[in-house]
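Results of the structural survey
Next come the chains, spelled out residue by residue.
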Amino acid sequence: MDLDQEDIERSKTWAKWGCFLWAILLVLGPLLSIGGYWLYTTELKERPLFESESPSRTNQIEVTEKGEPFFFGPSSVRIRFGHQHIDRTIYNDGNKLNGSNAPVQWKDDYTAVVTLYGEEQEPETIKLSLE
């Protein structure tokens, strides 16, 4: 009779741990999903803003928005050229960016100037050498 009682107690203990683990999964699962989605949309997701090719089409510059602004925060942009990139911030009062926020002006096939415009900042000029 003692052996059956031990089996019953052991089963009850495993059942309690199983219920506890399921409760944790049911609470943490949605929280991790929502947190992961929020992290992706605000930090990792890239949206193309502007692509520009040099006059003879030998080089290309691509400007993308990284993530989305959180409430009225700044926007992050990534400027890709060759095998390099530069990350900058545009203070645009939380508005979505478009191609006019980061136009590219080519000086020649290997030199370009990117100007970053935002509603809450002075224009920032970035000179790129693609050699």
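Residues numbered from 1 in each chain as written. Predicted model: local features only at pLDDT ≥ 70, side-chain atom pairs only at ≥ 80, totals over all residues. Heavy atoms only, no water.

1. Remarks on the overall build of the protein
Within the protein, the regular secondary structure consists of one helix and seven strands. Listing every helix and strand of the protein by position from the N terminus yields α-β-β-β-β-β-β-β. A compact globule built from 131 residues should have a C-alpha radius of gyration of about 14 Å, whereas the protein, at 26 Å, is more than 25% larger. If one aligns the C-alpha atoms of the protein with their principal axes, the spans along those axes are about 90 × 30 × 15 Å. Here the protein holds 131 residues, and 30% of them are scored as buried. Summarising the internal contacts of the protein: among those between residues at least 6 apart in sequence, 38% fall at separations of at least 24. (Helix = DSSP H or I, 4+ residues; strand = E, 2+ residues; numbered from the N terminus. Rg over C-alpha atoms; globule rule 2.2 N^0.38 Å. Buried < 20%, exposed > 50% of the residue type's maximum accessible area, 1.4 Å probe, protein only. Contact = heavy atoms within 4.5 Å.)

2. Details of the environment of Thr111
Take Thr111: it is sitting in strand β6 (residues 111-118). A C-alpha to C-alpha distance of 83 Å links Thr111 and Gln5, two positions 106 residues apart in sequence. Those residues in contact with Thr111, other than ones at most four positions away along the chain, are Trp106, Lys127 and Leu128.

3. Focus: the side chain of Ser54
Among the structural elements, Ser54 can be located in the loop between β1 (46-53) and β2 (60-66). Polar contacts involving the side chain of Ser54 include one to the main-chain amide nitrogen of Thr58, which spans 3.0 Å. With residues up to four places along the chain from it excluded, the contact list for Ser54 reads Asn59, Trp106 and Asp109. (Polar contact = N/O pair within 3.5 Å; in protein donor to acceptor, adjacent residues only side chain to side chain.)

4. Overview of the packing of aromatic side chains
Applying the stated criterion across every chain yields a total of one aromatic pair. Ring plane angle 85 degrees and centroid distance 5.8 Å describe the contact between Trp17 and Phe20, whose orientation is recorded as edge-to-face. You can see Trp17 and its partner Phe20 sitting in helix α1 (residues 2-44), three residues apart, about one turn around the helix. For Phe20, a relative accessible area of 46% corresponds to the partly exposed category. (Phe/Tyr/Trp six-rings, centres within 6.5 Å; stacked < 30°, edge-to-face > 60°.)

5. Considering the side chain of Arg78
By the secondary structure assignment, Arg78 is in strand β3 (residues 75-81). Side chain to side chain, Arg78 and His85 meet in a polar contact 3.4 Å long. When near neighbours in sequence (up to four residues on either side) are disregarded, Arg78 contacts Glu46, Glu62, Val63, Thr64, Lys66, His85, Ile86 and Asp87.

6. Remarks on the pattern of salt bridges
Under the definition given, this model contains eight salt bridges. A salt bridge links Lys45 to Glu68; the nearest nitrogen and oxygen atoms lie 2.9 Å apart. Of this pair, Lys45 sits in the loop between α1 and β1 while Glu68 sits in the loop between β2 and β3, placing them 23 residues apart in sequence. A relative accessible area of 29% means that Glu68 is categorised as partly exposed. With its nearest N and O atoms 3.0 Å apart, the salt bridge here joins Glu53 to Arg57. Relative accessible area serves as the criterion here: at 40%, Glu53 is assigned to the partly exposed category. Judged by its relative accessible area of 65%, Arg57 falls in the exposed class. (Salt bridge = Lys/Arg side-chain N within 4 Å of Asp/Glu carboxyl O.)

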